[in-house]
Amino acid sequence: MNFVSNTHIGLVRKENQDFLGNKKIGNGHVFIVCDGMGGLPGGALASRVAVESVLSNFSPNCKDPEIILRKSLANAHKNVVKASKKNI
């Protein structure tokens, strides 16, 4: 199965801070897109960290993706905050 993705920098910004990813789980896929932060410094890092954090919580034999998604979003938030403190 093939998937295609695309992001666009928009009409105002000089940097595309969007990040996306996917992972196969069970008989489906998890797709995630994180939008940048309006051109703010660190926005590209924040969206990349968030996507990678979420996807890292899913395993190929995931039984309950909704529960894992809820936990992984909280974990992603913590990781983004941690990354922002390192890069201030």
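A short tour of the structure in this document, coming up. The structure displayed is predicted, hence computed values, not measured ones. As a convention, each chain's residues are numbered from 1 in the sequence order in which they are written. This being a predicted model, a pLDDT of at least 70 is required before a residue's local features are given, and a value of 80 or more before pairs of side-chain atoms are given or counted; all residues contribute to the totals for chains, interfaces and linings. Side-chain numbers here rest on the full set of heavy atoms in the structure, without hydrogens or water.

### Topic: the pattern of salt bridges
Item 1. The rule for a salt bridge is simple: a side-chain nitrogen of Lys or Arg has to be within 4 Å of a carboxyl oxygen of Asp or Glu. Scanning the entire structure with this criterion turns up two salt bridges.
Item 2. Close ionic contact of Arg-48 with Glu-52 constitutes a salt bridge, the shortest N to O distance being 3.0 Å. With a gap of four residues between them, Arg-48 and Glu-52 both fall in helix H1 (residues 43–56), about one helical turn apart.
Item 3. On the basis of relative accessible area, Glu-52 is assigned to the partly exposed category, the value being 40%.
Item 4. A salt bridge links Glu-66 to Arg-70; the shortest N-O distance between them is 2.8 Å. Of the two residues, Glu-66 and Arg-70 are both situated in helix H2 (residues 65–86); the distance of four residues between them amounts to about one turn of the helix.
Item 5. Burial status follows relative accessibility: with a 1.4 Å probe on protein chains alone, a residue under 20% of its type maximum counts as buried, one over 50% as exposed, and anything between as partly exposed. The class of Arg-70 is exposed, set by a relative accessible area of 58%. We count a stretch as a helix when DSSP gives it H or I for four or more residues in a row; a strand needs E for two or more, and each element gets its number in order from the N terminus.

### Section: the pairing of strand E2 (residues 28–34)
Item 1. If DSSP finds at least two bridges between two strands, the strands pair. One ladder, built from seven bridges, connects strand E1 (residues 19–25) with E2; its direction is antiparallel. Bridge assignment links Asn-22 to a residue of E2, and that residue is Phe-31.
Item 2. Between the antiparallel neighbours E1 and E2 lie two residues, among them Gly-26 with a positive phi of about 50°.

### Topic: the nonpolar core
Item 1. The biggest cluster of nonpolar side chains holds eleven residues, and these are Ile-25, Val-30, Ile-32, Cys-34, Ala-50, Val-51, Val-54, Leu-55, Phe-58, Cys-62 and Ala-76.
Item 2. Taken together, the elements giving at least two residues each to this core come down to E2 and H1.
Item 3. No other element matches the four residues that H1 contributes to this core.
Item 4. The contact criterion used throughout is that any non-hydrogen atoms of two residues lie within 4.5 Å. Not counting residues up to four positions away in its chain, the partners in contact with Val-54 are Ile-32, Leu-69, Ser-72, Leu-73 and Ala-76. Only buried Ala, Val, Leu, Ile, Met, Phe, Trp, Tyr and Cys residues count toward a nonpolar core, and they belong to the same one when joined by side-chain atoms within 4.5 Å.

### Regarding the environment of Phe-3
Item 1. By the secondary structure assignment, Phe-3 is in the segment before E1.
Item 2. By relative accessible area, which is 39% here, Phe-3 ends up partly exposed.
Item 3. For the pair formed by Phe-3 and Asn-22, sequence separation is 19 residues and the distance between their alpha carbons is 9.5 Å.
Item 4. The residues contacting Phe-3, other than those within four sequence positions of it, are His-29 and Phe-31.

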